[in-house]
Amino acid sequence: MGLESVRNFLAEQAADIEILELDASTATVALAAEAHGVAPGQIAKTLAFRVGERQLLVVASGDARFDNRKLRDAFGGKAKMLDAETVLALTGHPVGGVCPFGLSTPLPIYCDASLKAYAEVLPAAGSPNSAVRIAPERLATLVGAEWVDVCKVPEPQRQEPCSSVPL
């Protein structure tokens, strides 16, 4: 599965979207941002959760942090991240390449509002060294995702004004 299932999904649903395959690993937000030359927030991370008996995927901005209270409010229970083995079995994608495309098991997919801060985001494409470039709205439409607000976004770094020093 993995990359091939994403390739097949995109060929059927969005043939204009190119899969970017790199020699370097893009398995973490930091590695992916560096490899693609974008801000960490533009990396669209996909995480798998269990809420009660339900399993679901949430796609969020790479620099956003999941908020337990918001997750509970949005999904009606405590959300627990799934382990790597379960994620691979459910999605067909290894951790580091998990994305909402070409899933081996149909799952509910949610896109966090943090993605809307960017005109273009880069979710993985089924392997730890692949991604696609896509507008957040198109991503949500393509995978039938529902929009939610379940993350905290970091505040922009505030720089203190320089004080003038007499020469």
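Residues numbered from 1 in each chain as written. Predicted model: local features only at pLDDT ≥ 70, side-chain atom pairs only at ≥ 80, totals over all residues. Heavy atoms only, no water.

K.L.:
Looking at this structure, I do not really get the overall build of the protein. What am I missing?
P.N.:
The helix and strand inventory of the protein stands at 5 helices and 10 strands. Taking the principal axes of its C-alpha atoms as reference, the protein extends roughly 65 × 40 × 25 Å. In the protein, which comprises 167 residues, the share counted as buried stands at 46%. Here the contacts in the protein between residues at least 6 apart in sequence split such that 63% fall between residues at least 24 apart. The averaged location of the 20 negative side-chain charges in the protein is 9 Å from the averaged location of its 15 positive side-chain charges. (Helix = DSSP H or I, 4+ residues; strand = E, 2+ residues; numbered from the N terminus. Buried < 20%, exposed > 50% of the residue type's maximum accessible area, 1.4 Å probe, protein only. Contact = heavy atoms within 4.5 Å. Lys, Arg positive; Asp, Glu negative; His and termini not counted. Charge placed at Lys NZ, Arg CZ, Asp CG, Glu CD.)

K.L.:
In this structure, what is going on with helix 4 (residues 84–91)? I would like to understand it.
P.N.:
One turn of the α-helix equals 3.6 residues, which is why residues spaced by three or four share an orientation. Val87, Leu90 and Thr91 are the residues of helix 4 that are buried. Projected down its long axis, helix 4 carries its buried residues within an arc of 80 degrees, all on one side. In helix 4, the exposed positions angled more than 90 degrees off the buried face are occupied by Glu85 and Ala89. Contact partners of the buried residues in helix 4: strand 2 (43–51) and strand 3 (54–61). Measuring from the side-chain oxygen of the N-cap residue of helix 4 to the backbone nitrogen of Glu85 gives 3.1 Å; that N-cap residue is Asp83. After helix 4 finishes, the residue Gly92 shows a positive phi value of roughly 85 degrees. (Arc of directions from axis to C-beta. Polar contact = N/O pair within 3.5 Å; in protein donor to acceptor, adjacent residues only side chain to side chain.)

K.L.:
What exactly am I supposed to notice about the pattern of salt bridges here?
P.N.:
It is possible for side chains bearing opposite charge to pair when their charged atoms get close. Under the counting rule described, the total for this entry stands at 7 salt bridges. A salt bridge links Asp16 to Arg138; the nearest nitrogen and oxygen atoms lie 2.7 Å apart. A residue pair is termed long-range when its members are at least 10 positions apart, and Asp16 in the loop between helix 1 (3–13) and strand 1 (20–21) and Arg138 in helix 5 (residues 136–143) qualify at 122 residues. Here Asp16 falls in the exposed class, since its relative accessible area comes to 58%. Its salt-bridge partner being Lys116, residue Glu137 comes within 4.0 Å of it at the nearest N-O pair. One end of the pair, Glu137, is in helix 5; the other, Lys116, is in the loop between strand 6 (109–112) and strand 7 (122–123), with 21 residues separating them in the sequence. Residue classification places Glu137 among the partly exposed residues on the basis of a relative accessible area of 45%. With relative accessibility at 46%, the residue Lys116 sits in the partly exposed group. (Salt bridge = Lys/Arg side-chain N within 4 Å of Asp/Glu carboxyl O.)

K.L.:
Would you take a moment to explain the side chain of His93 for this structure?
P.N.:
In this structure, His93 sits in the loop between helix 4 and strand 6. Sequence-distant contacts of His93, defined by excluding residues within four places in its chain, comprise Gly2, Ser5, Val6, Val87, Leu88, Val98, Cys99, Phe101, Gly102, Leu103 and Gly126.

K.L.:
Please clarify how helix 2 (residues 29–36) should be interpreted in this entry.
P.N.:
All of the buried residues in helix 2 are Ala32, Ala33 and His36. Each buried residue of helix 2 sits inside an arc of 100 degrees when the element is viewed along its axis, so together they form one side. Exposed side chains of helix 2 directed beyond 90 degrees from the buried face belong to Ala30 and Glu34. Against strand 1, strand 2, strand 7 and strand 8 (130–131) lie the buried residues of helix 2. Remark: Gly37 follows helix 2 within two positions and exhibits a positive phi of approximately 65 degrees.

K.L.:
Is there a simple way to think about the packing of aromatic side chains in this case?
P.N.:
A ring pair, where both rings are aromatic, is described by two values, the distance of the centres and the angle of the planes. A full pass over the atoms with the stated rule returns 3 aromatic pairs. For the ring pair Phe75 and Tyr110, a centre distance of 4.7 Å and an interplane angle of 65 degrees mean the geometry is edge-to-face. Of this pair, Phe75 sits in helix 3 (residues 68–75) while Tyr110 is found in strand 6, placing the two residues 35 residues apart along the sequence. Tyr110 matches Phe75 in its accessibility class, with the two residues each being buried. Positioned over the ring face of Trp147 is Lys116, at 4.5 Å from the centre of the ring. (Phe/Tyr/Trp six-rings, centres within 6.5 Å; stacked < 30°, edge-to-face > 60°. Lys NZ or Arg CZ within 6 Å of the ring centre and 35° of its normal.)

Just distances and angles here, no functional claims.
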